[in-house]
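# Report on the structure
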Amino acid sequence: MKALILVGGYGTRLRPLTLSVPKPLVEFCNKPILLHQVEALAKAGVDHVVLAVSYMSELLEREMRVQEQRLGIRISLSHEKEPLGTAGPLALARELLNVDNEPFFVLNSDVICDFPFKDMLKFHQHHGKEGTIVVTRVEEPSKYGVVVFEAESGQIHRFVEKPQVFVSNKINAGMYIFNPSMLGRIQLRPTSIEKEIFPVMAGEGHLYAMELQGFWMDIGQPKDFLTGMCMYLQSLRQHAPEKLRTGPGFLGNVMVDPTAQIGQNCTIGPNVTIGAGVVVEDGVRIKRCTVLKGARVRSHSWLESCIVGWSSSVGQWVRMENVTVLGEDVIVNDELYLNGANVLPHKSINESVAEPRIIM
């Protein structure tokens, strides 16, 4: 089976991290975002993954060669010269997807969940029509486009953009499975699959909704990246608790790479991910944070709701909070306060940041 992942552009919403590394390779819970998806696809029997990219990243290509070997699958890059929206990339990759008349998966690259690919295939084959969309329940449907469908069969009636009265609380979760015949609906031009293709398919009775069980998050921006991390760690607590670190000084769900070093009298957690080669000195307090590879947090600092970039250094007695994001190789000097700071790579911070802003 095949799958297309809509990797897209420069990952501007996840800056400053994506100024150093293509978004699919940013580690989410100590594994590149893309690998969460690719590994789940391979496990479900997908043997060829196509990445739809709009800028050629040699780094991405190199990493994918390594993963091809490791997972024993084929990974191709389909490169769009101009942005083609969410449907155009399917037309561009038509030759790769339309080989053996088997259904194929399509997914947005920012989605994290317990990927239900086997269930999707079963559901899709059972209704026998052209397409299946996975939907997930949200608390505030008025902020989204919602999917209105038959509860029993899953047949989709219509889509409603940001409804002001309640019609549904299910939204498109950014995961699909299609029959190759569906490719005939898409021309090679910038096209929105959600606005131009899906309503037509639904109108012809060819589109069905499968409800997602468990958690779901679009982790394309820092605030949601951290929320997604909390959900993912909770899911590990239920399904693979051995991957979480426990013991004195660790609270709730904490993931620590075996090569990281944690000092004396620290309190880590709940909801913390610590990457490879990270050094956390004595007396540090970290909660609801991701600390990426090679970073150092010096003694007696206090971090909440932050992402600390690769090889960055946080000084002693520093306080950082409110979705502060440090890009790669940032130095925060001792005894500073950072509130919602967004710091570009290779900067040195010498004064406190009292209000959220970008430090260039």
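Quick note: structure is the one above.
Presented here is an overview of the structure given in this document. (Residues numbered from 1 in each chain as written. Predicted model: local features only at pLDDT ≥ 70, side-chain atom pairs only at ≥ 80, totals over all residues. Heavy atoms only, no water.)

## What about the environment of Val 256?
Within the secondary structure, Val 256 is located in strand S14 (residues 254-256). On the basis of relative accessibility, which here comes to 13%, the residue Val 256 falls in the buried class. When the C-alpha positions of Val 256 and Gly 275 are compared, they lie 6.4 Å apart, and in sequence the two are 19 residues distant. Setting aside residues up to four positions removed in sequence, Val 256 forms contacts with Asn 30, Arg 245, Phe 250, Ile 262 and Ile 274. (Helix = DSSP H or I, 4+ residues; strand = E, 2+ residues; numbered from the N terminus. Buried < 20%, exposed > 50% of the residue type's maximum accessible area, 1.4 Å probe, protein only. Contact = heavy atoms within 4.5 Å.)

## Brief notes about the pattern of salt bridges
The full count for this structure, using the stated rule, is 17 salt bridges. Its salt-bridge partner being Asp 218, residue Arg 13 comes within 3.4 Å of it at the nearest N-O pair. Linking Arg 13 in the loop between strand S1 (2-8) and strand S2 (27-28) with Asp 218 in strand S13 (residues 216-218), this pair joins segments that are 205 residues apart in sequence. Taking the relative accessible area as the measure of exposure, Arg 13 reaches 41% and is therefore partly exposed. The class for Asp 218 is partly exposed, based on a relative accessible area of 26%. For Glu 196, the salt bridge identified is with Arg 189, shortest N-O distance 3.6 Å. With relative accessibility at 36%, the residue Glu 196 sits in the partly exposed group. (Salt bridge = Lys/Arg side-chain N within 4 Å of Asp/Glu carboxyl O.)

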